[in-house]
Amino acid sequence: MSEFKQTFNSSLGKKLIMALTGLFLCTFLIVHVGGNLLLFKCDDGFAFNSYANFLTHFPPIEVIAYVLYFFIVLHSVYALVLTIKNRRARPVGYAVQTKSPTSWSSKNMGLLGSILLLFIVIHMGDFWFTYKYKETLGFKEYRTNLATNVTTVSDYKPEVATFERSISTENNVEIVRVKDLHSRIQWSFSHLWYVVFYVIAMVAVSFHLLHGFQSAFKTLGWVHKKYDGIVSFIGTWLFAVIIPLLFAAMPIYYYYLTLVK
Amino acid sequence: MSQGNMNLTLKVWRQKNTQTAGKFVTYKAEGISPDMSFLEMLDVVNESLIKKQEDPIHFDHDSREGICGMCSLYINGRPHGPKRAITTCQLHMRSFSDGETITIEPWRSAAFPIVKDLATDRSAFDRIQQAGGFISVNTGGVPDANSTLIPKVIADEAFNSATCIGCGACVAACKNASAMLFTSAKITQLGLLPQGQPERWSRVQAMVNQMDEEGFGNCTNTGACEAVCPKEITLMNISRMNNDFFSAELFREEHTHDGGGNG
């Protein structure tokens, strides 16, 4: 076995991979929630559809996206390997166990992670896969009068099947034609069960990161009186409260819109 | 807290040897003084078993003053019983109430096979220690006192880690049966001190490798270990071990490179 393999096959090597991939996924969430705040803009999805178009047509983002998918797989596979090893380390369990002063989330990372993996598969199948590989998604045409800055929207039927997007300016009117992911989101979030599923998944994100973010720093050995407080503050408030709340607000907001319509 | 003598029901794990399956057997412990230690209570029960020509309950013990790390009972769902920061031998029967049922189990870990009843074979810890938990002292003239300077905080921290008695309560309490609290305390008590520096990087690698070979689980930073540790060893030790391990594995190369030094 090469020395490199030996490092990453050791117990601490596996934990290092869990910590680093986990932290990468955490930073992704910041970008993801930031971009998706465009969903709260009442502009018939102009900003959001343009943003989705940008993400899928900007090469550096596409490269990072594949790194991200790879890390999700790596994080899950290593979690599975570690869990199996941990189970083997105690073949016979205890008959009685008292409540330990440890946090619930730290003891249920596997359960929470499994919910999240299921969520990621459904979530990507519903939006990412539909956007990239399915022809069911329509197009929207946004016409902005550059003088008055008023935007009108209409459906657009592409003339060629390979059409992806176009931006042009005619007579002081900017015409943007992009794939309409926004209406797919409106449709998905008009179903109550789907909204409930998303909210449950965001609760899982919250508890997973409540332990996960801080645990990653401990695993890396980055523990210091100077920044322990900051790590715990960010792990609790940003990753376990603000980000899951913002994400959960999106399906709830869209479901509310279908109710008041 | 009970005043007079107590009558208790014990549910004790009985297992003939490593190979055979074990089971719980219920015993009555009657007329137990609240001032007895938990082990003395078991001594009383064992005496009555011997008088009845029955096989006494096998359990580990040695110093009975909380410093040897031999006693290892999982009492009512917690290593060393309900109190914090003490070993089983320091636990007194006044911590229980009259008529209570007490469940006594051995440490449960694949790396600690059961020898008999409540006694487990913890030589896995010895092998981790032997892999690098020492400093190589070259004998010679007696050095001057205080010729090696050690800051007070470093000495205190190293001594905190060194208080680990290797009882294995950390492994017993950990949901993953991980030995990282023990291993990290043994690694970093030496890694902190100047005497431990020459072997610092090879030590952490050797001891972690041995720990992996013994079949312990992996730490999830849950902290059950530090909550039950009779010597209150903290999770900080694990982070310090991780830091040293990654430094050693990823950023330090300890071998002589060819080509130089021919002049």
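Residues numbered from 1 in each chain as written. Chains lettered and ligands numbered in written order. Predicted model: local features only at pLDDT ≥ 70, side-chain atom pairs only at ≥ 80, totals over all residues.

Caption draft 1: Seen up close, the overall build of chain B. Looking only at helices and strands, chain B has eight helices and seven strands in total. Expressed as a percentage of the 263 residues in chain B, the buried residues total 44%. Pairs at least 24 residues apart make up 71% of the contacts formed inside chain B by residues separated by at least 6 positions. (Helix = DSSP H or I, 4+ residues; strand = E, 2+ residues; numbered from the N terminus. Buried ≥ 20, exposed ≤ 12 C-beta atoms within 10 Å, placed from the backbone. Contact = placed C-beta atoms within 7 Å.)

Caption draft 2: The arrangement of the overall build of chain A in detail. On a plain count of helices and strands, chain A comes out with nine helices and four strands. By residue count, 25% of the 261 residues in chain A fall in the buried class. Within chain A, contacts between residues separated by at least 24 positions form 78% of all contacts whose residues are at least 6 apart in sequence.

Caption draft 3: Here's a closer look at the interface of chain A and chain B. Contact with chain A, which involves 33 residues of that partner, is made by 40 residues of chain B. Here the side of chain A that touches chain B takes five residues from helix H2 (residues 11-36) of chain A, the largest share from any one element. Here the residues of the side of chain A that touches chain B sort into 13 nonpolar, 13 polar and seven charged. (Nonpolar A, V, L, I, M, F, W, Y, C, P; charged D, E, K, R; others polar.)

Caption draft 4: Representation of the domain arrangement of chain A in the model. All names here are of chain A. Splitting chain A by domain gives domain 1 (3-90 + 101-136 + 181-256) and domain 2 (138-179). Once you take the C-alpha centre of each, domain 1 and domain 2 turn out to be 33 Å apart. Broken down by element, the residue count for the side of domain 1 that touches domain 2 peaks at four residues, all from helix H3 (residues 46-57). Its residues placed into classes, the side of domain 1 that touches domain 2 shows three nonpolar, four polar and two charged. (Domains from an automatic or database assignment.)

Caption draft 5: Region of the structure containing the nonpolar core. Grouped together as the largest cluster of nonpolar side chains are 97 residues, with contacts concentrated most on Cys170(B), Val171(B), Ala173(B), Leu181(B), Phe182(B) and Cys225(B). By residue number, the principal contributor to this core is helix H8 (residues 192-220) of chain A, which donates twelve residues. In this structure Ala173(B) touches Ser100(A), Pro79(B), Ala224(B), Cys225(B) and Val228(B), once residues within four positions along its chain are discounted. (Core = buried A, V, L, I, M, F, W, Y, C linked by C-beta atoms within 7 Å.)

Caption draft 6: Main features of unusual backbone geometry. Residues and elements named next belong to chain B. Non-glycine residue Ala85 carries a positive phi angle of around 60 degrees. Within the secondary structure, Ala85 sits in the loop between strand S4 (78-79) and strand S5 (101-105). The exposure class of Ala85 is partly exposed, given the 13 C-beta atoms found within 10 Å. The phi dihedral of Asn221 is positive, around 55 degrees, even though this residue is not glycine.

Caption draft 7: Here's a closer look at the sheet that holds strand S4 (residues 173-179) of chain A. All names here are of chain A. Reading across the sheet, the four strands line up as S2-S1-S4-S3 and stay open at both edges, with antiparallel pairing between neighbours. The outermost strands of the open sheet, each flanked by one partner alone, are strand S2 (150-156) and strand S3 (166-170). Within the sheet, the average angular offset between the axes of one strand and its neighbour, ignoring direction, is 20 degrees. In this structure, strand S1 (residues 139-145) lies alongside S2, joined through seven bridges in antiparallel fashion. Bridge pairing links Thr144 to Thr151 in S2. (Pairing = 2+ DSSP bridges. Axes fitted to C-alpha atoms, helices over the stretch in contact; angles between N-to-C directions.)

Caption draft 8: Fine view of the packing of helix H6 (residues 200-213) of chain B against helix H8 (residues 236-251) of chain B. Residues and elements named next belong to chain B. In the contact formed by H6 and H8, the axes pass within 9 Å of each other and the chain directions differ by 105 degrees. Here H6 is positioned roughly perpendicular relative to H8, judged by the angle of their axes. Residues Arg200, Trp201, Val204, Gln205 and Val208 of H6 form the contact with H8, whose own contacting residues are Met241, Asp244, Phe245, Ala248 and Glu249. Per-class residue counts for the contact of H6 with H8 are six nonpolar, one polar and three charged. (Parallel < 35°, antiparallel > 145°, perpendicular 65-115°, else oblique.)

Caption draft 9: Local environment of the sheet that holds strand S1 (residues 6-14) of chain B. All names here are of chain B. Strand order in the open sheet made by the five strands is S2-S1-S5-S3-S4, with mixed pairing throughout. In this open sheet, the two edge strands, each paired with only one partner strand, are strand S2 (23-32) and S4. Sheet topology places S1 next to S5; four bridges connect them, and they run parallel. The residue of S5 that forms the bridge with Leu10 is Ile102. Lying over the sheet, helix H1 (residues 38-51) contacts S1, S2 and strand S3 (74-75), oriented at roughly 100 degrees with respect to S2.

Caption draft 10: The arrangement of the domain arrangement of chain B in detail. Residues and elements named next belong to chain B. Each domain of chain B was delimited in the assignment, giving domain 1 (6-105) and domain 2 (123-251). The straight-line distance from the C-alpha centre of domain 1 to that of domain 2 is 30 Å. The interface of domain 1 with domain 2 comprises twelve residues on the first partner and ten residues on the second. When the residues that make up the side of domain 1 that touches domain 2 are grouped by side-chain class, the tally is six nonpolar, five polar and one charged.

Caption draft 11: Examining the environment of Gly99(B) more closely. In this structure, Gly99(B) sits in the loop between S4 and S5. Residues Gly99(B) and Asn7(B), spaced 92 residues apart in sequence, show a C-alpha to C-alpha distance of 5.4 Å.

Caption draft 12: Inspection of the environment of Ala179(B) at higher detail. All names here are of chain B. With respect to the helices, strands and loops of the structure, Ala179 is situated in the loop between helix H4 (169-173) and helix H5 (180-191). Owing to 32 C-beta atoms within 10 Å, Ala179 belongs among the buried residues under this scheme. Linking Ala179 and Ala119, residues 60 residues apart in sequence, is a C-alpha distance of 18 Å. Those residues in contact with Ala179 that lie beyond four places of it in its chain are Ala111, Val171, Met211 and Phe216.

Caption draft 13: Structural context of H2(A). Here H2(A) contains 26 residues, and its C-alpha end-to-end distance of 37 Å stays within 8% of the 38 Å for a straight helix at 1.5 Å per residue. Listed as buried for H2(A) are Ser11(A), Leu12(A), Gly13(A), Lys15(A), Leu16(A), Ile17(A), Met18(A), Ala19(A), Thr21(A) and Gly22(A). Buried residues belonging to H2(A) abut helix H1 (3-9), helix H4 (59-88) and H8 of chain A together with H6 and H8 of chain B. (Expected span 1.5 Å × (residues − 1).)

Caption draft 14: Examining the pairing of S3(A) more closely. Residue and element names in this part refer to chain A. By the criterion of burial, S3 is predominantly exposed, with just zero of the five residues buried. Sheet topology places S3 next to S4; five bridges connect them, and they run antiparallel. Pairing of Ile167 across the sheet is with Val176, part of S4. Between the antiparallel neighbours S3 and S4 lie two residues, among them Asn171 with a positive phi of about 45 degrees.

Caption draft 15: The pairing of S1(B), seen in detail. Where S1(B) lies against S2(B), eight bridges are found, and the strand directions are antiparallel. Bridging from a neighbouring strand, Leu8(B) pairs with Ala29(B) of S2(B).

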